[in-house]
Protein chains: 2
Amino acid sequence: MSFSPLIQQLIKALRCLPGVGPKSAQRMALHLLEHDREAALELAGALREAVEKVGECERCRTLSEDPLCAVCASKSRDPSLLCVLESPVDMLAIEQTGGFGGYYFVLKGHLSPIDGVGPEDLGIDRLLDRLDVGEVKEVILATNPTVEGEATAHYIAEQVREMGIRVSRIAHGVPVGGELEFIDGGTLAHALAGRRSLI
Amino acid sequence: MSFSPLIQQLIKALRCLPGVGPKSAQRMALHLLEHDREAALELAGALREAVEKVGECERCRTLSEDPLCAVCASKSRDPSLLCVLESPVDMLAIEQTGGFGGYYFVLKGHLSPIDGVGPEDLGIDRLLDRLDVGEVKEVILATNPTVEGEATAHYIAEQVREMGIRVSRIAHGVPVGGELEFIDGGTLAHALAGRRSLI
Ligand SMILES: [Zn+2]
Ligand SMILES: [Zn+2]
């Protein structure tokens, strides 16, 4: 026996969520249909609205439906520190440590010649333009400690160094091959505090 | 820092899914917006369509957008066996053991005087009408082994016994206080095979 086509379609669609296998998708679908149809409609609406309206922050490229995200719109942060990250999730992970008071720049990926991802796709020209303004005194490279993340950090470090701006790389505690978003706050805070200068 | 209002709304809406805490909801929302907007729209559509069109099977009351669910529409099952369950998830759990070839009746709940849930809310009148036809020779009560599930089974057993139809209760292997949908297939199959007659 299997469920009716529309329930199967819903179960299949729920599989697009990270961490949701066939069994959980089934339980989710049945739970919503049995007990919480109103919440299911709200979720449908929230998905549609977010997909239609959420774009990127003009300044840091993180996800935002406003021209400036909350961090970039804030005036109480330290403009001399700029943390460069691969993704909005990493930005959230660092924000949640509470250990960083500067601004961010989100690459939305890493250099990957094989996939045709070059510096322009990561907005590195925009990053350099921003540094050119002169307010940033230190660029903290917090790309993932993977081969691609390291290569991307190295590439940016070269450019920033030429501009005479200090460059550092988060270091201690981030396991090699790991991904920032899965690391606990304490380790991340430690990694930020123990950053080493690349100059 | 927090995410923009629409992302927060999406994160909150994702929390309606069973087993999804604040951290997973965040990761889901960002994953969809960063990498899979098409899947997010498909999920929105599947949710809306299922909520709008999935009702209940006329015969067994399980979730179905067709008048008859796949089990009730099948003619190759044994009409002398009827398994009574609390929910469509339990029906799926028993189907997946492959150890039952009869039909089902889904109560969609259990007797609960405190919450004002009486026999009529569980369709017990419809269940008795169906038994009245005379095809069913044994009613297998597979409500959850909780206080309410036992009370519901007891109530139905009384009525069915009066009609001179055999009543049994699934037994071995189902831990007391446990819920059917979380029990592995082997245990469930065993519980079905080891059912004891209530007459
Ligand atoms: Zn921003
Ligand atoms: Zn049915």
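Criteria and cut-off values
Residues numbered from 1 in each chain as written. Chains lettered and ligands numbered in written order. Predicted model: local features only at pLDDT ≥ 70, side-chain atom pairs only at ≥ 80, totals over all residues. Heavy atoms only, no water. Helix = DSSP H or I, 4+ residues; strand = E, 2+ residues; numbered from the N terminus. Buried < 20%, exposed > 50% of the residue type's maximum accessible area, 1.4 Å probe, protein only. Contact = heavy atoms within 4.5 Å. Areas by Shrake-Rupley, 256 points an atom, 1.4 Å probe, with all protein chains shown as cover. 1 Å grid on protein atoms, 1.4 Å probe; cavity = no way out; pocket = protein on both sides within 12 Å on 5 of 7 lines; lining within 4 Å. Points joined across faces, edges and corners; volume = space filled by probe spheres on them. Nonpolar A, V, L, I, M, F, W, Y, C, P; charged D, E, K, R; others polar. Buried area = accessible area lost by both parts, 1.4 Å probe. Salt bridge = Lys/Arg side-chain N within 4 Å of Asp/Glu carboxyl O. Polar contact = N/O pair within 3.5 Å; in protein donor to acceptor, adjacent residues only side chain to side chain.

(A) Main features of the overall build of chain A. Scanning chain A for helices and strands turns up eight helices and seven strands. When burial is assessed residue by residue, chain A has 51% of its 199 residues classed as buried. Looking at chain A alone, contacts between residues at least 24 apart form 57% of all its contacts between residues at least 6 apart. Accessible area for chain A stands at about 9,000 Å²; split by element, carbon and sulfur atoms hold 51% of it.

(B) A look at empty space enclosed by the protein. Under the criterion given, the structure shown has four cavities of 30 Å³ or more. Its boundaries defined by the atoms lining it, the largest cavity holds a volume of some 80 Å³. A:Lys23, A:Gln26, A:Arg27, B:Val89, B:Leu92, B:Ala93, B:Gln96 and B:Glu181 together form the lining of the largest cavity. At the level of elements, helix H2 (22-35) of chain A together with helix H5 (88-97) of chain B are the ones that each hand at least two residues to the lining of the largest cavity. Here the element with the most residues in the lining of the largest cavity is H5(B); it accounts for four residues. Residue classes in the lining of the largest cavity are distributed as three nonpolar, two polar and three charged. In this model, the second largest cavity occupies a volume close to 70 Å³. Every residue along the wall of the second largest cavity is listed here: A:Val89, A:Leu92, A:Ala93, A:Gln96, A:Glu181, B:Lys23, B:Gln26 and B:Arg27. For the lining of the second largest cavity, the secondary structure elements donating two or more residues are helix H5 (88-97) of chain A together with helix H2 (22-35) of chain B. In terms of residue count, the dominant contributor to the lining of the second largest cavity is H5(A) (four residues). Across the lining of the second largest cavity, the residue classes tally to three nonpolar, two polar and three charged.

(C) Region of interest: the interface of chain B and chain A. Counting residues at the interface gives 55 residues for chain B, matched by 55 residues for chain A. For the pair chain B and chain A, the summed buried area comes to about 5,400 Å², and 72% of that belongs to carbon and sulfur atoms. Where chain B packs against chain A, one counts zero salt bridges. Our count for the contact surface shared by chain B and chain A stands at 10 residue pairs in polar contact (both at pLDDT 80 or more). Of all the secondary structure elements, the ones that give two or more residues to the side of chain B that touches chain A are helix H1 (5-14), H2, helix H3 (37-53), strand S2 (63-64), helix H4 (70-73) and H5 of chain B. Broken down by element, the residue count for the side of chain B that touches chain A peaks at 15 residues, all from H3(B). For the side of chain B that touches chain A, the residue count by class is 34 nonpolar, nine polar and 12 charged.

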